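# Structure assessment
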Amino acid sequence: SDGLVLFGRAGVEGAVHSISPSVDQAVVLSNLKPETNYAFQAFCGDPSNAKLIFPQTFRTMDPSVRNRGIWILGGLAAANQPIAEVDLYDPVNDVWFTDVTRVPTPRAFAQILAHKGKIYVLGGMTRNAGIFVPSTIAEEYDPVLDSWRTLASLPTALQGGIAGSSGDEIFLLGGTTTTDMTTGTLANTVYKLAPFIGPTGAWTSFTSSNSIFQRVDMAGCDIDGSIFFTGGRLFSDGS
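Scope of this entry: the structure provided in the associated data block. Given the structure is predicted, the values throughout are model-derived calculations rather than measurements. (Residues numbered from 1 in each chain as written. Predicted model: local features only at pLDDT ≥ 70, side-chain atom pairs only at ≥ 80, totals over all residues. Heavy atoms only, no water.)

To continue, consider the packing of aromatic side chains. Following the criterion strictly, the structure yields six aromatic pairs and no others. Note on Tyr38 and Phe58: the rings are 5.6 Å apart at their centroids and 10 degrees apart in plane angle, and the pair reads as stacked. Here Phe58 lies in strand S4 (residues 56-59) and Tyr38 lies in strand S3 (residues 37-44), a separation of 20 residues in the sequence. Relative to Trp96, the ring of Tyr89 lies with its centre 4.9 Å away and its plane at 40 degrees, an arrangement referred to as tilted. Using a relative accessible area of 18% as the deciding quantity, one classes Tyr89 as buried. Members of the aromatic cluster, joined through ring pairs, are Tyr38, Phe40 and Phe58. (Phe/Tyr/Trp six-rings, centres within 6.5 Å; stacked < 30°, edge-to-face > 60°. Helix = DSSP H or I, 4+ residues; strand = E, 2+ residues; numbered from the N terminus. Buried < 20%, exposed > 50% of the residue type's maximum accessible area, 1.4 Å probe, protein only.)

Working definition: two side chains of opposite charge can pair if their charged atoms are close together. By the definition in use, this model includes 11 salt bridges. One salt bridge connects Arg149 with Glu140, and the closest N-O pair in it is separated by 3.0 Å. Between Arg233 and Asp217 there is a salt bridge, with the nearest N and O atoms lying 2.7 Å from each other. Taken together, the residues Arg233 in strand S21 (residues 233-234) and Asp217 in the loop between strand S18 (215-216) and strand S19 (219-223) connect sequence positions 16 residues apart. With relative accessibility at 35%, the residue Arg233 sits in the partly exposed group. Residue classification places Asp217 among the partly exposed residues on the basis of a relative accessible area of 40%. Through salt bridges with shared partners, a single network forms among Glu35, Arg68 and Asp90. (Salt bridge = Lys/Arg side-chain N within 4 Å of Asp/Glu carboxyl O.)

Let us now look at the pairing of strand S8 (residues 111-115). Burial of the side chains of S8 is restricted to one face: Gln111, Leu113 and His115 are buried, whereas none of Ile112 and Ala114 on the reverse face is. Summarising the sheet, S8 and strand S9 (residues 118-122) pair through five bridges and their orientation is antiparallel. Residue Ile112 lies in a different strand from S9, and its bridge partner there is Val121. Where S8 folds back on S9, the antiparallel hairpin that results is connected by two residues, among which Lys116 adopts a positive phi of roughly 50 degrees. (Pairing = 2+ DSSP bridges.)

This is the structure in C-alpha cells:
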C-alpha cells in the first residue's frame, strides 16, 4: 500500500509520502533542526486516517557531536552475528544516537582504533553461513564526511590483536591468523599501515627488534606515539 510519515516538534509540521505502493518502504525527513526533539508516526493506506496520536520520537544530532562523541563499533549480537550498526554517545548532553552508520563489512574481534580524526576497522572475523573466517579487510570511516573507504587488504588475516596510532601510521601486533588461537602463525611480526599513501594506503610487515610474544586478546593503548600492551592469553596453550 501507500506509505505516509507525519512528523513535527510540537505537532504535525510535515508529511512525507512514499514514492510508490510497496511492502517495504522508506522515506527521508529533510530540513530538520539540529539538537531538536521530533515526534513521528508511520501509516499505510488511506492518508485521511493519519493522525499523530501515539508517536515515536527521536532527537536530531548536533554535527559537532561527531567530533566530541564516543563511537561504539564491532562486537557480536544475537546468534553470534557480527554487528554492523555503529552507535554514538554524546557525553556533553548524555544522549545516545543509534545506527549512525554501518560498518560495510561487519566483523568480530577486529582491530579498531581512532587515528588522526578517522576510525579504522582492521581484520577480525566475518561470519558466513554460520562459519567464522579470519579477514584481511581494512575499512576507514570519516565521521565528519560520514563516509567509508576500503583500504588495501592486510598482509595476512588477523584477529584479536592490538592496534595503535603513532605519528602518521597505524601499527598492529599480536593476535592470531586463524579462528583457533592455538594454531595461528604469528610470531613477533608487526604490521604497519600508512593510510595516506595512494588511494588505499600501504602496508609493511617487519619483525620487532624486541620479541613480542605470541598472545591474543591483550589490553593495549597508544600514548604519545608509544604503544603499550599487556596481559592477554598465551598463543601456545590459551591460558
